[in-house]
Each structure stands twice: as structure tokens, then as C-alpha cells.
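Coordinate inspection notes
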Amino acid sequence: KFEFNPRDGIDNPALSLTEDTDGEAVGEPRFYLLSKDSTETFGFCLHEELGCQGHIIRQVELGGLAQRRGLQDGDRLLQVNGHFVDHMDHHRVVQKIKASGNQVLLAVLDGDSYEAAKALGRDLSQLLPPNIRPRLCHVTRDKSGFGFSVSGPEGIKGTFQLSVQQDGPAERAGVLPGCWLLELNGASVRNYSHTQLARKLKQSGSKVTLLVASSAVEEFYRLRGLRAMAALADTSWLPFKVRELHMVKGPAGYGFLLKEDDWKSGATGQFLREVDAGLPAEQAGMREGDRLLAVNGESIEGLDHQQTVLRIRARDDQVTLLVIDPAADEFYQSVGFGDSAWCYP
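Cut-offs and rules
Residues numbered from 1 in each chain as written. Predicted model: local features only at pLDDT ≥ 70, side-chain atom pairs only at ≥ 80, totals over all residues. Heavy atoms only, no water. Phe/Tyr/Trp six-rings, centres within 6.5 Å; stacked < 30°, edge-to-face > 60°. Buried < 20%, exposed > 50% of the residue type's maximum accessible area, 1.4 Å probe, protein only. Lys NZ or Arg CZ within 6 Å of the ring centre and 35° of its normal. Helix = DSSP H or I, 4+ residues; strand = E, 2+ residues; numbered from the N terminus. Contact = heavy atoms within 4.5 Å. Pairing = 2+ DSSP bridges. Core = buried A, V, L, I, M, F, W, Y, C linked by side-chain atoms within 4.5 Å. pLDDT = per-residue confidence, 0-100. Polar contact = N/O pair within 3.5 Å; in protein donor to acceptor, adjacent residues only side chain to side chain. Salt bridge = Lys/Arg side-chain N within 4 Å of Asp/Glu carboxyl O.

As recorded by an unreviewed UniProt entry, the protein carries the name NHRF4 protein and is attributed to Urocolius indicus.

So, in C-alpha cells, the structure goes:
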């Protein structure tokens, strides 16, 4: 037995239920949110094995993060950060986990259940909830306000439900009626009183960024003792976008320089500089100061400058780059959103 505060989360293995399908016991997926610091690993390896289907959890480190959460040798990985991966190329799935940084949400199925489901011809994606991602919304105030109001139980901190004005700024920004507020401007609201939240909203000026979850998504995380965070969010409603640039090399090259430099997060980044007028880079939409996220669909997370240059040069006459401009970059960093969801949607 255990007790937990659904707002704070718990540190326990996910619960596993089984059902009987045509005489075969097929378990249900288990969900784990693994959060580590920069000196740790997640404590497991992902294998692709001859004669076995799926992405297989192996080498679960004794006493490591994965084992403490409940991952088991032989589990099959179905989902990473809300994205179904069973059908994906193995290398891409490995890179997707690596690019998640220090936090990743995994859905797994035990090996026997996976094999049984495959034998029955079941669609494994149907075993998973259709949408477990919270939504990140950026709301700009108009003359009537932000277009939402907040309610919550008297005297209870951190429980805030939003009522949304029809066709107001919040609704246009993607805020769902009746959704639950999880974060405000990149900070969790779970310890805020109603008065503190009102003060923070007032201090936000003309723009505010909300992490919200529908009742179904909020219940999914609450029942499993997990915290929904911005790094796991659906960002499709945000005005800040990454850009994919496809370039075919001309007689004078691509027409840009790649330079390594420090950026505001304190890490080292690869930046696009000296974009030449009229050459392929400018024609593709490259802007001075863009930061490079991925090359030919693969994240450059963990690569040094020379390795990144070699990846760009890997194809003789063309390349596809995923980039983000400085304003969007600063925004995403401020709300704790990493690069992984852009590089591996």
C-alpha cells in the first residue's frame, strides 16, 4: 500500500493490469517518467535483436534510475514522450531518447504481452491513450483581458481550472475550456494560492504562457503519480516555430558559415552566420543567428563543431537543416522546453 499527493507525484513503479484476450494474457502498457541530473544516465540500453520484434529494454542497471522506477529487462518500448515508436527505425528511437535531455516519458509493454499481442495481430498503438500530452499556449492580452478566468477549491493550493471566453485571446491561443492549469510562464503552480496566482498573472504584463491539460490528460498523469511538464507538451498552438531548410548546393556552395558559440542556457550551440544574399541558404529561409538543431533529420545533440560540419557535408550536393531563430529559442528556453520534440516528432 502507498499514499501519495496527486499534485506532487510519487516515486513508485507504475501499476500493471492484465486482461484476457482470446485466451491469451495481454498486459497493459506501463508508463514511467525518468528524470535525472546531468551526471546520471537513465540506467538502461535499448536493443534491436535478431529474431525478436520491437525495441527491447536491456542492461537495466542494478539500483539505477530505470530499475528504481520499475523498468524490466525484456520490456518493449512503445512510446517516447507521447509519440508511438514501435514502427520507427531503431536508430531514430535511440536518438529520440538521447535528445530528450534529462527527462523522458516512456510507455512499455512486458515482453510476453508484446509477443502475444503481435501474434494476435493487435494494433499496439490502440493499447495506448490517444493523447497524453499537455498543451503549451501563449496568450496575448487584448482590451478585454486574457480571455480566461480561474476557479479552484477554497483554501486548496495548486488546483486551478480555467473558464475560457468564446473567441477570446485564450481560446484563439489554444486554451481548452475547463482545462487545468499546470504551469505559468515556465513555473509550476502547484504551490500557488489563488491570490499568488492572480498576482503572477498581473505581473505577466500583456503576454502569458500557460501549460494546460484537459481533464482526461490531467487524470492520466494524476492516477499514475506523474507530473505533466512543458518538455512533454504539444506546442502546435504556439506562435514560435522551428524551420526546416532544404538546400541544394550551388557553384558557390550553400552560402553560410557555421560557428560554435555560447548561448543563454549556458551550453554551447552551433549557429548560422554570414548568410550570403542570393545563395541557397538565404533562398531556403536561413536567417543570421539561427541555431542549428538537426541535420538531415538527426539531432546534433552531443556533437561538437567538427562532427556537426562532417554531418552537413555527408551528402555532396544537398542538406536539410532544422533551425530556430533567437526569439523563439529564448522563449522555449524560458519555459523549459528542450530540442527533442522538434527533432523527433
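The discussion continues.
**Quick word on the packing of aromatic side chains**
What the rule picks out here adds up to 6 aromatic pairs. With a centroid separation of 6.0 Å and an interplanar angle of 25 degrees, the aromatic rings of Phe146 and Phe148 are classed as stacked. On the accessibility criterion, Phe146 (9% relative accessible area) is buried. Ring geometry for Tyr254 versus Phe256: centroids 6.4 Å apart, planes at 35 degrees, classification tilted. Taking the relative accessible area as the measure of exposure, Tyr254 reaches 9% and is therefore buried. Phe256 sits in the buried class, given a relative accessible area of 15%. Aromatic rings pair up to connect Phe31, Phe220 and Tyr221 into one cluster. Its end group placed over the ring of Phe42, Lys36 keeps NZ or CZ at 5.2 Å from the ring centre.

**Considerations on the side chain of Arg76**
Position of Arg76 among the secondary structure elements: in strand S6 (residues 76-80). The class for Arg76 is buried, based on a relative accessible area of 6%. Excluding residues within four positions of it along the chain, Arg76 makes contact with Cys52, Gln53, His55, Ile56, Ala107, Val108, Leu109, Gly111, Tyr114 and Glu115.

**Some remarks on the pairing of strand S12 (residues 180-184)**
Burial within S12 is extensive, with 5 of its 5 residues counted as buried. Relative to strand S14 (residues 207-213), S12 is paired through 4 bridges, and the arrangement is antiparallel. Within S14, the residue paired with Glu183 across the bridge is Leu211. Pairing analysis gives 2 bridges linking S12 to strand S13 (residues 187-188), with the strands arranged antiparallel. Across the sheet, residue Leu184 finds its bridge partner in S13, namely Ala187. Taking the residues that link successive antiparallel strands as the turn, the S12-S13 hairpin has 2 residues, and the phi of Asn185 there is positive, at about 50 degrees.

**A few points about the nonpolar core**
Phe31, Leu105, Leu124, Leu136 and Tyr221 are the most contacted members of the largest nonpolar core, which has 33 residues in total. Mapped onto this core, the elements with two or more residues apiece are strand S3 (30-35), strand S8 (103-109), helix H3 (111-119), S14, helix H6 (215-223), strand S18 (291-295), strand S20 (318-324) and helix H9 (326-334). Beyond its immediate stretch of four places on either side in the chain, Leu124 contacts Leu78, Phe84, Asp86, Leu109, Tyr114, Ala117 and Lys118. Within the second largest apolar cluster, 21 residues are counted, among which are Phe146, Val175, Leu184 and Tyr192.

**Focus on the confidence of the model for the protein**
Scored by pLDDT, the protein has a mean of 86; 89% of the residues are at 70 or more. The secondary-structure element of the protein with the lowest mean pLDDT is strand S1 (residues 18-21), recorded at 38, while strand S5 (residues 55-58) shows the highest, at 97. Across residues 1-24, confidence stays below pLDDT 50; counting only partners more than four residues off in sequence or on other chains, it has 46 contacts.

**Quick notes on H3**
Taken together, the buried positions of H3 are occupied by Gly111, Ser113, Tyr114, Ala116 and Ala117. Sitting at the head of H3, Asp110 places a side-chain oxygen 3.3 Å from the backbone nitrogen of Asp112. Downstream of H3 by one or two residues, Gly121 has phi in the positive range, about 70 degrees.

**Comments concerning unusual backbone geometry**
Positive phi outside glycine occurs at Asp167, with the angle close to 60 degrees. Within the secondary structure, Asp167 sits in the loop between strand S11 (161-164) and helix H4 (169-172). Although it is not a glycine, Asn185 sits at a positive phi angle of roughly 50 degrees. Looking at the secondary structure, you find Asn185 in the loop between S12 and S13.

**Observations regarding the pattern of salt bridges**
The tally for this structure, following the rule as stated, stands at 12 salt bridges. Lys259 serves as the salt-bridge partner of Glu274, at 3.2 Å between the closest nitrogen and oxygen. Separated by 15 residues along the polypeptide, Glu274 in the loop between strand S17 (268-273) and helix H7 (280-284) and Lys259 in strand S16 (residues 257-262) bring together distant segments of the chain. In this structure, Arg291 engages Asp329 in a salt bridge whose closest nitrogen and oxygen atoms are separated by 2.7 Å. One end of the pair, Arg291, is in strand S18; the other, Asp329, is in helix H9, with 38 residues separating them in the sequence. Among the residues examined, Arg291 registers a relative accessible area of 4% and is labelled buried. Here the salt bridges do not stand alone but share partners, grouping Glu49, Arg58 and Asp73 into one network.

**Describing the pairing of S20**
Where burial is concerned, most of S20 is hidden: 6 out of the 7 residues are buried. Direction of pairing for strand S15 (residues 243-248) relative to S20: antiparallel, over a ladder of 6 bridges. When the sheet's bridge partners are listed, Arg243 is paired in S20 with Val323. Relative to S20, S18 runs antiparallel, the two sharing 4 bridges. Across the sheet, residue Arg291 finds its bridge partner in S20, namely Ile324.

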